[in-house]
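# Coordinates in review
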Amino acid sequence: MSEKVTDKPKNGVEKETVITSATSKETGVVDEVERVIERGEAQTISLENIEKGLTVLWQAAAKPRDGEEEQPVMRACVFNLVICVNGDDELSEVTDTIAELTWSYPCRAIVLVRKPEVPESSTNALISAHCQLPTSTGKKVCCEQITVIGTGAAADGLWSLVLPLLVPDLPVLLYWPKELMLEGELFQHLMDTVDRLIVDSRNFDDPSATFAHLAELSKTQFVETALGDLNWSRLAAWRNLLADFFDDAHFLPYLSQVDSVELHYEAPDDNNNPNFSEALLLVGWLGNLLNWQPAFNLQRRGSNATLILNQRGAPLTITLHGHNDRVDELGGITQVQIKASKPGDTEGESHSATFSIQLSDDYDHAMTSVEEDGKVLMKRNVMFPRPSITDLLSQDLALIRRDQYFQSALELAGEFSRQ
């Protein structure tokens, strides 16, 4: 059993691609259906026939083979996911992520691979599938990945191929896992198409400047596009633990007079290019909730930094301390300490408190504590989740509309280096 796709290149010479559905047991070789559907291997296809090739492939895969009564494969798609990467290493990483992601979010993934350093300008395409284990009905649920590789001058023109490949009437999400090219032709054109942009600010070279640029674009050029950041999801546990402190009515008044905030984070051992993104977003979140305003620029000293904010007319010092214990967690926060004060019940009386969260050495637990007037009032050890990239992306993909808390934190974090 076979299906044909006819390629019609510009030279006018037709070329037929045959997709067979014979089993390797019958033929002694591995056919296209088994390679692409069963093994998840990528198959090269001409740009003109990507859609036709996918249709024929799924039709062949859905036909029962000898001894099968039910259709073995069900094609599924809940949104379009466009991903931009540079080179083969990044392609391999996101392909693994897509394979894991499809368990929760079957989609059409369109991966754009830029290789501008290659002298020759060319564009090539591959199709592949990611399948789950058979369901209780006996059907295997699969989704598809289209990989388009642009070399040389063609690298920045890949946007022109995206629109014809999108599944109609489904949301379009753009995931850009590395440094953004905010002024680039590829980014600008893709943003005109997508409903949501997801970034990972842990990979930004200059987080505060990029935050500022993104915040400005979201208020002007891309007002209809929702923004997301994997770092915002990484901060969920920190935000929840900090909020837990002040759910207690006894501690809530301390938020009116914060005296200092210290954050410790993982920095490169050479101190050349520290990434403050998580710390800046967390301060942006706190500042938005407590009505803090920027007062002076972020001052950097190697992997350490100081930020002065305006707390209702009084200066508030935020300090960032970099250390190098976990190379795989560069940029990740490891400790937060808030010192605050509040008036007492009698005239002239005041109280001081320190609220602390510190990760354990294995990064799987956190110690939270509250000390008031020199006495420890609370201390507990809690589980601290460390989600994978797939987990983080899954959390972000659950949102299509704007997260106003993130948007406000992003805008404030972008102001920290613009005073």
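Look above for the structure.
Now for a quick tour of the structure. Quick caveat: nothing in here was measured; it's all calculated off a predicted structure.

### Details of the environment of Phe-211
The residue Phe-211 is located in helix α6 (residues 207-219) in this model. Classification of Phe-211 as buried rests on a relative accessible area of 1%. With 10 residues separating them in the primary sequence, Phe-211 and Ser-201 have C-alpha atoms 8.5 Å apart. When sequence neighbours within four positions are dropped, the list of residues in contact with Phe-211 reads Ser-201, Phe-204, Asp-229, Ser-277, Leu-280, Leu-281, Leu-410, Ala-413 and Gly-414.

### Quick look at the layout of surface pockets
Size it by volume and the largest pocket reaches roughly 650 Å³. Lining the largest pocket we find 31 residues, and of these Arg-202, Arg-234, Pro-387, Ile-389 and Leu-392 sit closest to its centre. Looking at the lining of the largest pocket element by element, the count peaks at 6 residues for helix α4 (residues 87-101).

### A word on the nonpolar core
Counting 91 residues, the largest nonpolar core has Leu-112, Leu-263 and Ile-318 as the members making the most contacts within it. Sort the elements by how many residues they give to this core and helix α9 (residues 277-290) lands first, with 8 residues. Those residues in contact with Leu-112, other than ones at most four positions away along the chain, are Val-82, Ile-83, Cys-84, Val-85, Val-148, Leu-158, Val-162, Leu-186 and Leu-190.

### A short note on the pairing of strand β12 (residues 258-266)
Of the strand pairs in this sheet, β12 and strand β17 (residues 333-343) are connected by 7 bridges, and their pairing is antiparallel. Bridging from a neighbouring strand, Glu-262 pairs with Gln-337 of β17. Relative to strand β16 (residues 314-323), β12 is paired through 7 bridges, and the arrangement is parallel. By the bridge assignment, Tyr-265 is partnered in β16 with Gly-322.

### Things to note about the packing of α6 against helix α11 (residues 404-415)
At a closest axis distance of 7 Å, the pairing of α6 and α11 adopts a crossing angle of 125°. On the basis of the axis angle, α6 is oblique to α11. Between α6 and α11 lies a crossing whose hand is left-handed. In this structure, α6 contributes Ser-208, Phe-211, Ala-212, Leu-214, Ala-215, Ser-218 and Lys-219 to the contact, and α11 contributes Gln-407, Leu-410, Glu-411, Ala-413 and Gly-414. Each residue belonging to the contact of α6 with α11 can be placed in one class, and the counts come to 6 nonpolar, 4 polar and 2 charged.

Parameters at a glance
- Residues numbered from 1 in each chain as written.
- Predicted model: local features only at pLDDT ≥ 70, side-chain atom pairs only at ≥ 80, totals over all residues.
- Heavy atoms only, no water.
- Helix = DSSP H or I, 4+ residues; strand = E, 2+ residues; numbered from the N terminus.
- Buried < 20%, exposed > 50% of the residue type's maximum accessible area, 1.4 Å probe, protein only.
- Contact = heavy atoms within 4.5 Å.
- 1 Å grid on protein atoms, 1.4 Å probe; cavity = no way out; pocket = protein on both sides within 12 Å on 5 of 7 lines; lining within 4 Å.
- Points joined across faces, edges and corners; volume = space filled by probe spheres on them.
- Core = buried A, V, L, I, M, F, W, Y, C linked by side-chain atoms within 4.5 Å.
- Pairing = 2+ DSSP bridges.
- Axes fitted to C-alpha atoms, helices over the stretch in contact; angles between N-to-C directions.
- Parallel < 35°, antiparallel > 145°, perpendicular 65-115°, else oblique.
- Left-handed = near helix turned anticlockwise from the far one by under 90°.
- Nonpolar A, V, L, I, M, F, W, Y, C, P; charged D, E, K, R; others polar.

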